[in-house]
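# Breakdown of the fold
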Amino acid sequence: VCSSDLYKMKNKVSRYHKLKTELHGGCHAMKWAHSIGLIAISLILSSLAACGSAAPEGPVTTSAGDTTTEAPVDTRTELEKLEGADYDGYEFGILLNNQDDRFVDVMTVGEMNGDIMNDNVYKRNLAVQEKYGIVIKTEQDEFQKVNETCKTSVMAGDSEYDLYFSNCYATSLASAGYLYELGGLPGVDLSNPWWDPAALEQLSVGGKIYLATGDISPTSLMTSSCMVFNKRLLDSVQMEYPYEAVKQGKWTLDMLAELTSDLSRDINGDSSMTLEDDLFGYTSWMCDSPYSFFYGAGGTLSVKNSEDVPEVSYDMDMITEVYDKIYRIIITNRSYFVTDAAKYPTFYECFSDGKAYFSEMTLQKIEMFLRDMKDDFGIIPIPKRNETQENYIACVNGAGGFVVVPANAENPERTGRVMEALAAGAYDGITPELYDVITKTKVARDEESAEMVDLIIEHRVFDPYYINLVKNYDFMQSALSSKKESVTSVLESGRSAAEQAMAKLAETYAENT
């Protein structure tokens, strides 16, 4: 195998396609659905193929008498392997969610401009258009309007858009019957490695799946939660960078709580902690940090039964333990915790301006908000619940990208083929480059952070309870925002409503055809 393809193969194995089946922290696990062995074999074979004549040392041969022949090597990309078709210039409409610039999953500036993401998406789109004789038309809108457009289009029986890129709020469209069941969509094979198996397993209900993600949405990978730390500030207090603690499995909520216990300081001595005048141990946003910490600690609010139906499951002892740790980090240690939507930008400005030692982020927000930060920073995973938790876990924020198909798809096979091709093309030429963007260029500023990104994207979770926005899915956000010292009463008060909502979800999925 040639060295350049060994590097690409390593990247592909180590990103979110890398499959595991562990239990996290004793809680009900989210596990990858496919075999790592099969994926590894396919990656090795594709890497050999990409090297052409440099693949094996000596020919792979078969012998018949004195005749030796070399086995054929398939050098095609995954997109090229898909069956083509000619749709006679059909205008294939895609409506994209523009939250945090997620429209870049498919939308480009219309030409090559030197930007890695734009250029690779542009090339992928051209290849798909040529393979199927279509013209891809893209538009963007706010996610609420994306979902509303899908709903009204289905109700009106029109088909302006063939695909929609939305977020977790699209689950309401699924339960209401406005979406096409993807497992039955002709031309789509959800067992292929460009579909995220964790999302498929965790978001299916009774064997039906209406939202999918994976390579087709590069920004979904970037929505993995993580943390950052300011190297200058840690140096100023002789604090060791947490890289070694992460590698040794010792990066925990307790460790973060201890590190930040005396970092927040009232610099001007006015007995009031303000962004303008003071220094904070930790900064975060209410719609991110509570979820990242809870799910990063192995938390979950639901579990699948034997019929693939999610059910409410509250491990109160575990939830209480984790909440107490998070409360200490955010409330007791006087962090800069933004609970006013109008002040949302200030949470990352606090970090980028050098006024916080640590912050919770997503990989995408690092790319968007910290690219011009003057101080050097490091990237690390979300802390574990404790050292016995086997893996670091990244919560996939509900804002992450999901692709859906309207229930009244005019030509399901055409839609399925193009959707599969967009995903396969991204698998070939976008995600590997995106990995390099994260680890080598705009985001990570040192080799240790590049190594940390591997750990961050290796184990991603999608809790059906959270993604379907079931009653009290935001219990931790709500409790921390109001500085409640306990969350048990909040969850228990809504248990009955949550159980009814979950039962209704299963019922509506079963009724959908």
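Placed above this text is the structure.
Because the structure is a prediction, the values reported are computed rather than measured.

### Focus on the pairing of strand E3 (residues 90-97)
Taken across its 8 residues, E3 has 7 buried, putting it largely inside the fold. Pairing between E3 and strand E4 (residues 134-141): 8 bridges, direction parallel. Within the sheet, the bridge partner assigned to Phe-92 lies in E4 and is Ile-136. With helix H4 (residues 116-132) bridging E3 and its parallel neighbour E4, the resulting β-α-β unit is right-handed.

### Observations regarding the pairing of strand E12 (residues 377-380)
The alternating pattern of E12 places Phe-377 and Ile-379 and Gly-378 and Ile-380 on opposite faces, both of which are buried. Relative to E12, strand E6 (residues 225-230) is paired through 4 bridges, and the arrangement is antiparallel. Looking at the pairing, Phe-229 lines up with Gly-378 of E12.

### Brief notes about the sheet that holds E4
If you trace the 4 strands from one edge of the open sheet to the other, you get E4-E3-E5-E14, paired in mixed fashion. Because the sheet does not close on itself, it has two edges, and the strands there are E4 and strand E14 (402-404). Across the sheet, the mean angle from the axis of one strand to that of its neighbour is 20°, orientation sign disregarded. Here 3 bridges tie strand E5 (residues 163-166) to E14, and the two strands are oriented antiparallel to one another. Bridged to Ser-166 within E14 is Phe-402. On top of the sheet, helix H5 (residues 143-156) reaches E3, E4 and E5; it is set at about 150° to E5, its chief contact. Set on the sheet, helix H16 (residues 412-429) makes contact with E3, E4, E5 and E14; between it and E3 the angle comes to about 60°.

### Re unusual backbone geometry
Note: most peptide bonds trans; most residues except glycine with negative phi. In the Ramachandran plot, Asp-88 falls in the positive-phi region, its phi being about 55° despite a non-glycine side chain. Within the secondary structure layout, Asp-88 lies in the loop between helix H3 (78-81) and E3. You will see that Asn-472, though not glycine, has its phi angle at about 70°, which is positive. For Asn-472, the position within the fold is in the loop between helix H19 (464-467) and helix H20 (475-481).

### Description of the sheet that holds strand E7 (residues 280-285)
The strand order across the open sheet formed by 5 strands is E10-E7-E11-E6-E12, and the pairing between neighbours is mixed. Edge strands, defined here as strands with exactly one partner in the open sheet, are strand E10 (336-338) and E12. Neighbouring strand axes in the sheet, compared pairwise and without regard to direction, differ in orientation by 20° on average. When E7 meets strand E11 (residues 356-362), the two strands line up parallel, connected through 3 bridges. Opposite Phe-280, over in E11, you have Ala-356 as the bridge partner. Across the sheet, helix H14 (residues 345-352) lies against E6, E7, E10, E11 and E12, angled at about 130° from E11, the strand it touches most.

Each value, and the rule that gives it
- Every chain is numbered independently, its residues counted from 1 as its sequence is written.
- A pLDDT threshold of at least 70 governs which residues receive local features in this predicted model, and a stricter bar of 80 or more applies before side-chain atom pairs are shown or counted, although totals over entire chains, interfaces and linings include all residues.
- As a convention, hydrogens and water are excluded, and side-chain values are obtained from all of the structure's heavy atoms.
- Per-residue accessibility, obtained with a 1.4 Å probe over protein chains only, is compared with the maximum for each type, and a residue is labelled buried under 20%, exposed over 50%, and partly exposed between these values.
- What counts as a helix is a DSSP run of H or I of at least four residues, what counts as a strand is a run of E of at least two, and both are numbered from the N terminus.
- For two strands to be treated as a pair, DSSP must find at least two bridges joining them.
- By convention, orient the strands away from the viewer: a clockwise path from the first strand over the helix to the second makes the crossover right-handed.
- Inter-axis angles, ranging from 0 to 180 degrees, are taken between N-to-C directions of lines fitted to C-alpha atoms, where helices are fitted over the stretch in contact.
- Contacts were defined at the residue level, with two residues in contact if any of their heavy atoms lie within 4.5 Å.

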